[in-house]
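# Remarks on the overall topology
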Amino acid sequence: MTKNKLRLTALILIAAGICFTVISLHKEVTLVIDGQSETRTTFALTVGSFLQGQNVEITAEDQIHPAPAHFLREGEGVYLTTALPIQVLADGKQKTLNTPIRKPANILNEAGISLYPHDRILVDGHPTEPDQPLQGGKPHLLEVRRGTPLTLIVDDGVINFTTSAETIAEALWEQDIPVYQADRIEPSLTTPLTGAPLEVSFERSQPFDIQLGEVSFQSRSTSSLVGLALQDAGLTLQGRDYSLPAEDKPIPEDRKIEIIRVSEQIILNQEPLEFSSQFQPTSDLPLDEVKVLQGGAYGLKAQRVRVIYENGEEISRRIEKEWVVKEPEPRIVGYGTDINVRTVDTPDGPIRVWREITAYATSYNESCLGCDSITSSGAVLKKGIIAVTLEWYRYMQGLKVYIPGYGFGSIEDVGGGIPGKFWVDLGYKKENYVPWSQNVTVYFLAPPPPPENIMYVLY
């Protein structure tokens, strides 16, 4: 082999070695920065040169794994956790750290702050678990809120406990202590808990039953008086309302209270007033004829009535005022006073009469129930004695009449009459008695009596 060939062979081997070396240095690496992962290719030999080649700036506080001097291998991962500025607030003191640590518990440990049971950790104002990692890329405020020692003073003693709750309400809920709206708690349930010891006064409300009409329900109150208990239930008494027991009385042993709702209603009643009938003598009308001279008109009476209800049921009704809105107008009836004496032919011959009426006729004798042989006028009962009602008798006593089929007679006695009918009772002796039950014409024989003794309107 010539000298030139040897030189060429050596150059080829050198070039091949260089190519092999370059190829062996090229590798894929997984770069993870604050949890964000990317795959990169590199010829770097170490972690530090790899990061420098990737233009990744690092500080002395950043956490790098593996270490910067570590030689990289194909497929290896490089993990970088950048240091974040963390403000730590605890026990009234503030400290700033620049740390790659992400778990709040470890950050607090680095800051020399101990955690105790019931302490709470807040990251940027939000409750966070001690082992929940912080999000990278921005500063954070890490706050420790110590558990609050609470002294709960209740009716039957004292309860002490420490709580991580934010308010008194949450603390009581955590302790499974029920709270009712009517309970009295001082300070209020919304009072924030800051870690400083706090004394809470807790007055427990007691249940009681309320009856309102047909509805019953239960409420609670810390008061022993009926009125205050109803106020706690939102059921104040108004107007004439009242309770059983009364507002100023203590709640009874059975803890039952009844509410009586009282309401009033004013009613205006209107009632027609009947008009009267007035009779007026009318000379141009024949006797026993009537004529309406003026029609009557109803009046109007008004009443103001106060009605009291208890739980919707009426308990009283009282007339407060009564007055006549319009007076009734009487009906005026004219009755005839013109007496016409005339002659009437009868089976017993012509007679002179001044009045003629139709009446229902019955008959009686001295043996009938309640009858006597002596009449109201003192005459002896016999045929020809006629009885009429008391109203007629006062005007007609002694008047002579003629009744077809009976004959002549004189009004001398009083009978009961038949309601709604003009009536006459025809007298007999027992031995010649004739029963009557029919309408008859009664003729009053002339001459007529003086005007003041005439019954112009028959009833």
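Because the structure is predicted, anything quoted here is derived from the model rather than measured.

Definitions and cut-offs
Residues numbered from 1 in each chain as written. Predicted model: local features only at pLDDT ≥ 70, side-chain atom pairs only at ≥ 80, totals over all residues. Heavy atoms only, no water. Helix = DSSP H or I, 4+ residues; strand = E, 2+ residues; numbered from the N terminus. Rg over C-alpha atoms; globule rule 2.2 N^0.38 Å. Buried < 20%, exposed > 50% of the residue type's maximum accessible area, 1.4 Å probe, protein only. Contact = heavy atoms within 4.5 Å. Areas by Shrake-Rupley, 256 points an atom, 1.4 Å probe, with all protein chains shown as cover. Lys, Arg positive; Asp, Glu negative; His and termini not counted. Charge placed at Lys NZ, Arg CZ, Asp CG, Glu CD. Pairing = 2+ DSSP bridges. Axes fitted to C-alpha atoms, helices over the stretch in contact; angles between N-to-C directions. Core = buried A, V, L, I, M, F, W, Y, C linked by side-chain atoms within 4.5 Å. 1 Å grid on protein atoms, 1.4 Å probe; cavity = no way out; pocket = protein on both sides within 12 Å on 5 of 7 lines; lining within 4 Å. Points joined across faces, edges and corners; volume = space filled by probe spheres on them. Polar contact = N/O pair within 3.5 Å; in protein donor to acceptor, adjacent residues only side chain to side chain. Patch = residues over 30% accessible without salt bridge, like charges linked within 9 Å, V, L, I, M, F, W, Y side chains within 5 Å. Salt bridge = Lys/Arg side-chain N within 4 Å of Asp/Glu carboxyl O. pLDDT = per-residue confidence, 0-100.

### Some details on the overall build of the protein chain
Scanning the protein chain from N- to C-terminus turns up 6 helices and 30 strands. Relative to the globule expectation of 23 Å for 459 residues, the C-alpha radius of gyration of the protein chain, 63 Å, shows a markedly less compact shape. Principal-axis analysis of the C-alpha atoms gives the protein chain an extent of 205 × 70 × 45 Å. Counting only residues that meet the buried cut, the protein chain has 35% of its 459 residues in that class. Contacts in the protein chain between residues at least 24 apart in sequence constitute 59% of all its contacts with a sequence separation of at least 6. As displayed, the protein chain has an accessible area near 27,600 Å², and 52% of this comes from carbon and sulfur atoms. Distance between charge centroids for the protein chain: 5 Å, based on 41 positive and 59 negative side chains.

### Here's the deal with the sheet that holds strand β17 (residues 256-260)
Reading across from one edge, β15-β14-β17-β16 is the order of the 4 strands in this open sheet, with mixed pairing throughout. Each edge of the open sheet is held by one strand with a lone partner, namely β15 (215-221) and β16 (242-244). Recorded for the sheet is a direction-independent mean angle of 30° between the axes of neighbouring strands.

### A look at the nonpolar core
Ile386, Val424, Leu426, Val442 and Phe444 are the most contacted members of the largest nonpolar core, which has 27 residues in total. Elements with a contribution of two residues or more to this core: β25 (351-364), β26 (385-388), α6 (390-396), β27 (400-403), β29 (423-427) and β30 (437-445). With 4 residues, β25 is the single largest residue contributor to this core. The contact partners of Val424, leaving out residues within four places of it in the chain, are Ala359, Tyr360, Ala361, Thr362, Ile386, Ala387, Val388, Ile403, Val440 and Val442.

### Thoughts on the layout of surface pockets
In this model, the largest pocket occupies a volume close to 180 Å³. If you go around the largest pocket, the residues you meet are Pro286, Leu287, Asp288, Glu289, Asp338, Ile339, Asn340, Arg342, Trp354, Arg355 and Glu356. Per element, the largest residue contribution to the lining of the largest pocket is 3 residues, and it comes from β25.

### Here we look at the side chain of Asn365
Topologically, Asn365 is positioned in the loop between β25 and β26. Among the polar contacts listed, one links the side chain of Asn365 to the side chain of Ser367, at a separation of 2.5 Å. Residues contacting Asn365, with those up to four places away along its chain left out, are Cys371, Leu381, Tyr428, Lys429, Lys430 and Tyr433.

### Describing a nonpolar patch on the surface
Where nonpolar side chains cluster on the molecular surface, the patch consists of Leu268, Trp323 and Val325 and spans about 280 Å² of accessible area. Considering the arrangement of structural elements, one finds Leu268 in strand β18 (residues 262-273).

### Examining unusual backbone geometry
Following His65, the chain continues into Pro66 via a peptide bond in cis, with omega recorded as -5°. Locating Pro66 in the fold gives a position in the loop between β3 (63-65) and β4 (77-81). Cis geometry marks the peptide bond from Ala446 to Pro447, where omega comes out at 5°. With respect to the helices and strands, the residue Pro447 is situated in the segment after β30. Of note, the phi angle at Asn55 is positive, near 60°, even though the residue is not glycine. The topology assignment puts Asn55 in the loop between α2 (47-53) and β3.

### Notes on the side chain of Ser243
Relative to the helices and strands, Ser243 resides in strand β16. From its side chain, Ser243 meets the backbone oxygen of Pro245 in a polar contact 2.6 Å long. Within polar-contact distance, the side chain of Ser243 engages the backbone nitrogen of Glu247 at 3.5 Å. When near neighbours in sequence (up to four residues on either side) are disregarded, Ser243 contacts Val226, Leu230, Leu237, Ile257 and Glu258.

### A short note on the sheet that holds strand β19 (residues 277-286)
Strands sit in the order β19-β23-β20 across an open sheet of 3 strands; the sheet is mixed. In this open sheet, the two edge strands, each paired with only one partner strand, are β19 and β20 (290-294). Across the sheet, the mean angle separating the axes of adjacent strands is 35° when strand polarity is ignored.

### What about the pattern of salt bridges?
Counted according to the given criterion, the structure contains 19 salt bridges. The shortest N-O distance in the salt bridge between Arg146 and Asp119 comes to 2.6 Å. In this pair, Arg146 sits in the loop between β9 (140-145) and β10 (148-154) while Asp119 sits in the loop between α3 (104-110) and β7 (120-123), placing the two residues 27 residues apart along the sequence. Residue Arg146 is classed as buried on the basis of its relative accessible area of 18%. A network of salt bridges, in which partner residues are shared, links Arg240, Glu264, Arg304, Arg306, Arg318 and Glu320.

### A look at the confidence of the model for the protein chain
When pLDDT is averaged across the protein chain, the result is 90; 95% of the residues are at 70 or more. Mean pLDDT across the elements of the protein chain bottoms out in helix α1 (residues 3-25) (57) and peaks in β27 (98). Confidence over residues 16-23 falls short of pLDDT 50; this stretch has 1 contact with residues more than four positions distant or in other chains.

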